[in-house]
Amino acid sequence: MANMIPISTTTVGSGGVSSIAFTGIPQTYTDLVIYLSTRASAASDSVGLRFNGDSGSNYAYRYILGNGATATAGTGTTTYTLGGRQPESTFTANTFGSASFYIPNYTSIYYKSVSSDGVSENNATTAMAQLTGSLWNNISPINSITIIPGSGNFVQYSSATLYGIRKY
Amino acid sequence: MPLPSTMTPIATNTLTSNLASGVITFSNIPQTYTDLVIVAVGQGYTSSSYGNLQVQFNGDTGTNYSSTELKEFAGTASSSRRTTQSYLFATSFLDAGSASLLVGTSIINVFNYANTTTFKSTLSRGNLPGFKTELNVGLWRSTAAITSLTLTANDTPINAGASFTLYGIKAA
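The shown structure was predicted, so the numbers you read here are calculated from the model rather than taken from an experiment.

**Comments concerning the interface of chain B and chain A**
In this complex, chain B contributes 39 residues to the contact, which on the side of chain A involves 37 residues. Carbon and sulfur atoms make up 61% of the area that chain B and chain A hide from each other, which totals about 2900 Å². With its nearest N and O atoms 2.8 Å apart, the salt bridge here joins Asp117(A) to Arg125(B). Scanning the region where chain B abuts chain A turns up 12 residue pairs in polar contact (both at pLDDT 80 or more). Among the elements of the structure, strand 1 (7-14), strand 3 (35-42), strand 5 (65-73), strand 6 (76-85), strand 8 (104-110), strand 9 (120-128), strand 10 (132-140) and strand 12 (163-169) of chain B are those that each provide at least two residues to the side of chain B that touches chain A. A per-class count over the side of chain B that touches chain A returns 21 nonpolar, 14 polar and 4 charged.

**Side note on the side chain of Glu88(A)**
All names here are of chain A. By secondary structure assignment, the location of Glu 88 is in the loop between strand 7 (81-85) and strand 8 (97-104). Although buried, Glu 88 forms no salt bridge, and the nearest oppositely charged side chain, Arg 85, lies 6.1 Å from it. With residues up to four places along the chain from it excluded, the contact list for Glu 88 reads Arg 39, Ala 40, Ala 42, Ala 43, Ser 44 and Asp 45.

**Comments concerning the nonpolar core**
With 28 residues, the main nonpolar core has Phe57(B), Leu149(B), Leu151(B) and Phe164(B) as its most contacted residues. Looking at this core, the elements with two or more residues in it are strand 2 (23-26), strand 3, strand 4 (50-57), strand 7 (88-94), strand 8, strand 11 (149-153) and strand 12 of chain B. Each residue touching Leu149(B), except ones within four places of it in the same chain, is listed here: Ile24(B), Thr25(B), Phe26(B), Ile29(B), Leu36(B), Ile38(B), Val55(B), Gln56(B), Phe57(B) and Leu166(B). Tyr29(A), Val47(A), Trp136(A) and Leu162(A) belong to the second largest nonpolar core, which has 24 residues in total.

**Digging into the pairing of strand 6 of chain B**
All names here are of chain B. Strand direction decides the pairing type here: strand 5 and strand 6, joined by 8 bridges, are antiparallel. Bridging across to strand 6, Lys 71 finds its partner in Ser 78. Hairpin connection from strand 5 to strand 6: 2 residues lie between these consecutive antiparallel strands, with Ala 74 at a positive phi of about 55 degrees.

**Quick look at the pairing of strand 6 (residues 71-78) of chain A**
Sheet faces and side chains relate simply in a regular strand, where the side chains alternate between the two faces. Residue and element names in this part refer to chain A. In this structure, strand 5 (residues 59-66) lies alongside strand 6, joined through 8 bridges in antiparallel fashion. For Tyr 59, the partnering residue across the bridge sits in strand 6 and is Thr 78. Between strand 5 and strand 6, which pair antiparallel and follow one another directly, the connecting turn spans 4 residues, one of which, Gly 68, has a positive phi of 95 degrees.

**Quick notes on the environment of Ile109(A)**
For Ile109(A), the location among the structural elements is in the loop between strand 8 and strand 9 (112-120). The class for Ile109(A) is exposed, based on a relative accessible area of 62%. Between the alpha carbons of Ile109(A) and Ser55(A) there is a distance of 20 Å; along the sequence they are 54 residues apart. Ignoring anything within four residues of it in the chain, the contact list for Ile109(A) reads Ile139(A) and Leu101(B).

**Here we look at the packing of aromatic side chains**
Counting across every chain of the model gives 11 aromatic pairs over all chains. Both rings, one in Phe51(A) and one in Trp136(A), keep their centres 5.4 Å apart while their planes meet at 50 degrees; by these two values the pair is tilted. Note that Phe51(A) is positioned in strand 4 (residues 46-51) and Trp136(A) in strand 10 (residues 128-136), a separation of 85 residues in sequence. Note on Phe57(B) and Trp140(B): the rings are 5.3 Å apart at their centroids and 40 degrees apart in plane angle, and the pair reads as tilted. Of this pair, Phe57(B) sits in strand 4 while Trp140(B) sits in strand 10, and the two are 83 residues apart along the sequence. In this pair, the class of Phe57(B) matches that of Trp140(B), namely buried.

What counts as what
Residues numbered from 1 in each chain as written. Chains lettered and ligands numbered in written order. Predicted model: local features only at pLDDT ≥ 70, side-chain atom pairs only at ≥ 80, totals over all residues. Heavy atoms only, no water. Contact = heavy atoms within 4.5 Å. Buried area = accessible area lost by both parts, 1.4 Å probe. Salt bridge = Lys/Arg side-chain N within 4 Å of Asp/Glu carboxyl O. Polar contact = N/O pair within 3.5 Å; in protein donor to acceptor, adjacent residues only side chain to side chain. Helix = DSSP H or I, 4+ residues; strand = E, 2+ residues; numbered from the N terminus. Nonpolar A, V, L, I, M, F, W, Y, C, P; charged D, E, K, R; others polar. Buried < 20%, exposed > 50% of the residue type's maximum accessible area, 1.4 Å probe, protein only. Lys, Arg positive; Asp, Glu negative; His and termini not counted. Core = buried A, V, L, I, M, F, W, Y, C linked by side-chain atoms within 4.5 Å. Pairing = 2+ DSSP bridges. Phe/Tyr/Trp six-rings, centres within 6.5 Å; stacked < 30°, edge-to-face > 60°.

Put into structure tokens, the structure is as follows:
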């Protein structure tokens with residue numbers, strides 16, 4: 001029996017949205033996976049997750065990033081997990097970025113770690129590929145996830161799907 | 001990393017007590033899937049930074065493994081190679097001590113594991129909160145179908161609560 005189960009999916013309609021939310025997440029899976037196909041309305045290409053509405057500076061991140069020319073890395077703390085990448089408004093039209101987030105043991109009593117990979121393709125010299133490891137410094141089970149862009153909106157036809165994985 | 005919707009759990013091992021040996025074995029792996037995925041979540045007992053999570057296939061202890069690492073560590077990007085190894089370096093494995101709330105995650109993909117024609121390749125993603133994030137590509141130079149695999153954490157014991165799950169993926 002396949003045990004990677006789609007829980008919810010959202011496709012953004014006309015006008016775009018400032019965030020995508022999954023609420024009332026069942027507590028019956030082992031891990032969660034999110035796949036994104038998104039594009040930004042603003043000149044910002046980052047995408048991240050916020051858990052249980054926590055907008056405090058409780059998310060640590062570390063990443064390695066390639067832009068087509070150089071590889072860089074960094075660490076820090078912010079108000080959401082980093083990890084996703086999406087084309088900015090100036091990138092090639094009709095191009096959407098791809099990202100995945102793997103959240104193991106989301107109902108556990110430990111801090112929650114997130115492994116994410118994201119890319120933003122562009123028919124130009126610069127495009128981004130990023131690997132990120134994040135940590136939400138909170139022991140609460142995750143019952144809601146809000147996906148947010150660095151600034152602006154997710155444009156129409158952006159989509160997000162939340163999956164649950166069972167290990168039994 | 002992307003995981004297809006045909007992901008099926010084959011076996012899981014959740015530690016109810018500290019594992020002194022640091023060794024987890026999955027044997028009699030069905031040959032009916034296309035790829036394998038291993039998800040390891042947990043921590044080592046020691047309070048140092050991290051150790052290695054290593055893989056051997058079919059009990060092969062010969063120097064038939066190699067890997068390439070791309071990582072962020074201490075805010076710096078770097079890459080390194082391991083050749084003629086007696087194990088496959090999958091990812092680092094967090095050593096968080098006995099009381100920490102931190103856990104590390106390793107996701108190991110093993111491609112086309114049942115074929116008897118080609119060497120076997122892997123793609124592994126490690127997330128160690130507070131220490132590093134990494135991507136590793138590995139090779140086992142054997143054409144044998146993979147029927148068993150052993151995970152070994154070289155810093156022991158592995159703390160109770162850690163879980164190791166083997167999934168099979170079928171192509172459409």
